[in-house]
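# Remarks on the overall topology
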Amino acid sequence: MFKHVLFPVDGSAASQSVIKKCVALARENGARLTVLHVIPEFHILAYQTEMLVDTPELYRKDSEEHARSLLSRVEGEAIEQGVSCESSYISGDHPYEEIVRLAADKECDLICMASHGHRGVKSLLLGSETQKVLTHTKVPVMVFH
């Protein structure tokens, strides 16, 4: 049914809890898996320029190490389940835009995402990358709660 699944991970407990399910879904469909982590752009407010020395570089280095760690967890599960998997990380201020763009660029036919379960006013105030992906993509989205 599905041939190419995109699985964005953000390191949250919600996304970590659905790794096995998403990889199993890809395996059951004979699909390949692309895993994505979006690193937020570096932003800082500082009143002294001395505070900025090396900070963007350290942020980039730490963020990339964190991304590789997150992605390697999914890659390990994919290897264990015999699923073809590629992973990447990119920077962007709006993760949903990067998810939607990559899904289109890679011709994915399913996006699997975890929901953090926020409802009501909390959901409106915090926003939801899953909700934004749902409203901006033409690719089917499977949401794991």
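Below: a short report on this structure. Only a predicted model underlies this, so the values are computations on that prediction, with no experimental measurement involved. As a convention, each chain's residues are numbered from 1 in the sequence order in which they are written. Residue-level local features of this predicted model are given only where pLDDT is at least 70; pairs of side-chain atoms are given and counted only at 80 or more, and the full residue set underlies all totals for whole chains, interfaces and linings. Side-chain descriptors were evaluated using all non-hydrogen atoms of the structure, hydrogens and water having been removed beforehand.

### Regarding the side chain of Glu 64
Starting at the N terminus, helices and strands are each numbered in turn, a helix being any DSSP run of H or I of at least four residues and a strand any DSSP run of E of at least two. Along the chain, Glu 64 turns up in helix H3 (residues 55-81). Burial classification: accessible surface area is computed with a 1.4 Å probe over protein chains only, and a residue below 20% of its type maximum counts as buried, one above 50% as exposed, and the rest as partly exposed. Taking the relative accessible area as the measure of exposure, Glu 64 reaches 18% and is therefore buried. A distance of 2.8 Å separates a polar atom in the side chain of Glu 64 from a polar atom in the side chain of Arg 60. Sequence-distant contacts of Glu 64, that is, excluding residues within four places in its chain, are made with Ile 39 and Tyr 89. Pairs of N or O atoms within 3.5 Å make up the polar contacts considered here, provided that, within protein, one atom can donate a hydrogen while the other can accept it, and that residues adjacent in sequence are counted only when both atoms are side-chain atoms. In this analysis, two residues are considered to be in contact whenever any of their non-hydrogen atoms come within 4.5 Å of each other.

### Topic: the nonpolar core
Within this scheme, the nonpolar core is defined by two criteria: the residues are buried Ala, Val, Leu, Ile, Met, Phe, Trp, Tyr or Cys, and they are joined through side-chain atoms within 4.5 Å. Ranked by internal contacts, the top residues of the largest apolar core, which has 23 residues, are Val 5, Phe 7, Val 9, Val 23, Leu 33, Val 74 and Cys 112. Among the secondary structure elements, those contributing two or more residues to this core are strand S1 (4-8), helix H2 (19-29), strand S2 (32-39), H3 and strand S4 (110-114). Ranked by residues supplied to this core, first place goes to H2 with 5 residues. Residues within four places of Phe 7 in sequence aside, it is in contact with Ser 15, Val 18, Ile 19, Cys 22, Leu 33, Thr 34, Val 35, Leu 36, Val 74 and Cys 112. By size, the runner-up hydrophobic cluster in this structure holds 13 residues, among which are Val 38, Tyr 96, Val 100 and Ala 103.

### Considering the state of the cysteines
When the sulfur atoms of two cysteines share a covalent bond, that bond is a disulfide. Disulfides are defined as cysteine sulfur pairs within 2.5 Å. In this structure the tally under the stated criterion is 0 disulfides. Its sulfur unpaired, Cys 22 is 3.8 Å from the next cysteine sulfur, which belongs to Cys 112. By relative accessible area, which is 0% here, Cys 22 ends up buried.

### Concerning the packing of aromatic side chains
We call Phe, Tyr and Trp rings a pair once their centres come within 6.5 Å, taking the six-membered ring for Trp, and we label the pair stacked below 30 degrees between planes, edge-to-face above 60, and tilted otherwise. Counting across every chain of the model gives 1 aromatic pair. Ring geometry for Phe 42 versus Tyr 59: centroids 5.4 Å apart, planes at 55°, classification tilted. Of this pair, Phe 42 sits in the loop between S2 and H3 while Tyr 59 sits in helix H3; the two residues are 17 residues apart in sequence, bridging distant segments of the chain. Owing to a relative accessible area of 25%, Phe 42 belongs among the partly exposed residues under this scheme. The exposure class of Tyr 59 is partly exposed, given its relative accessible area of 28%.

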